[in-house]
Amino acid sequence: MRPSQRNQILDAAIRVTERDGITGLTLESAAEEAGVTKGGLMYHFRTRDDLLMAIQKHLTEAWETWLIAELGKPPAEASVRETVAAYVRMGAYSQAGKADLAFMLESAAAPELATVWNELINRWAPLPTSAEPHDIDLLLARLAVDGLWLWQATNGTPLPEPIAQALRDRLNALLEPKS
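None of these values were measured; they are calculated from a predicted model. (Residues numbered from 1 in each chain as written. Predicted model: local features only at pLDDT ≥ 70, side-chain atom pairs only at ≥ 80, totals over all residues. Heavy atoms only, no water.)

Colleague: Is there a simple way to explain the nonpolar core in this structure?
Modeller: Inside soluble globular proteins, nonpolar side chains tend to come together where they are buried. The biggest cluster of nonpolar side chains holds 52 residues, and the ones touching the most others in it are Leu 25, Leu 41, Leu 51, Ile 55, Tyr 87, Val 88 and Phe 103. Listed by contribution, the elements that provide at least two residues to this core are helix H1 (3–20), helix H2 (27–34), helix H4 (48–71), helix H5 (80–93), helix H6 (98–107), helix H7 (111–124), helix H8 (133–154) and helix H9 (161–175). (Core = buried A, V, L, I, M, F, W, Y, C linked by side-chain atoms within 4.5 Å. Buried < 20%, exposed > 50% of the residue type's maximum accessible area, 1.4 Å probe, protein only. Helix = DSSP H or I, 4+ residues; strand = E, 2+ residues; numbered from the N terminus.)

Here it is, written out as structure tokens:
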């Protein structure tokens, strides 16, 4: 199977999850959605757990790509403030997917799945190393955007644009270094 079919299967599995929830995701449903046989799917993903892990990595790789684009430079060249700011800006403008939420929640019960998300979050929005106000402001911005993301993933009604913009402005104010 070509690597492009692997990504096709992962994208199909995400669509199944968006539509039917994580419990609706089976090897059969992912194969059907991708237009491949179950055997073709199992060439890459022998078990549902293998598929779940691959989806976690697929989703976090997409997030990593978006975060790097938002940052505008390699993360190794950025400060913590810059990476947290990229994380917050991306979260404030992105539309949360139900699949992302489902896979994050699934990881709560499976430490090996949680590791994938935790590594991403710790790279981009680590917990503060001090209780200094500027560090706490970064944490508040991160927690607020995480809450916004959760709200978007679970609520069918988008925020009115003036409110969304006011929220983004307030989040950006928390990101500004205090003199």
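Colleague: Before we go on, may I ask you to explain H4 in this structure?
Modeller: Because each turn of an α-helix spans 3.6 residues, side chains separated by three or four positions end up pointing in the same direction. Counted at 1.5 Å a residue, the expected span for H4 with its 24 residues is 34 Å, and the 34 Å between its end C-alpha atoms agrees. With its phi angle positive at about 85 degrees, Gly 72 sits one or two positions after the end of H4. (Expected span 1.5 Å × (residues − 1).)

Colleague: What should I look at first to understand the packing of aromatic side chains in this one?
Modeller: For any two aromatic rings, the description comes down to two numbers: the centre-to-centre distance and the angle of the planes. For the coordinates displayed, the defined rule picks out two aromatic pairs. Ring centres of Trp 63 and Trp 117 lie 5.5 Å apart, and the angle between their planes is 80 degrees; this geometry places the pair in the edge-to-face category. Taken together, the residues span a long stretch of sequence, with Trp 63 in helix H4 and Trp 117 in helix H7 at a distance of 54 residues. Overall, the relative accessible area of 7% leaves Trp 63 in the buried class. Aromatic pair Trp 63 and Trp 149: ring centres 5.8 Å apart, planes at 70 degrees, arrangement edge-to-face. Here Trp 63, found in helix H4, pairs with Trp 149, found in helix H8; they are 86 residues apart in sequence, far enough to count as distant. Here the aromatic residues Trp 63, Trp 117 and Trp 149 are joined through ring pairs into a cluster of three or more. (Phe/Tyr/Trp six-rings, centres within 6.5 Å; stacked < 30°, edge-to-face > 60°.)

Colleague: I tried to follow the side chain of Thr 83 on my own but got confused; where do I start?
Modeller: Note that Thr 83 resides in helix H5. Since its relative accessible area comes to 4%, Thr 83 is described here as buried. Here Trp 124 takes part through its backbone oxygen, which lies 3.2 Å from a polar atom of the side chain of Thr 83. (Polar contact = N/O pair within 3.5 Å; in protein donor to acceptor, adjacent residues only side chain to side chain.)

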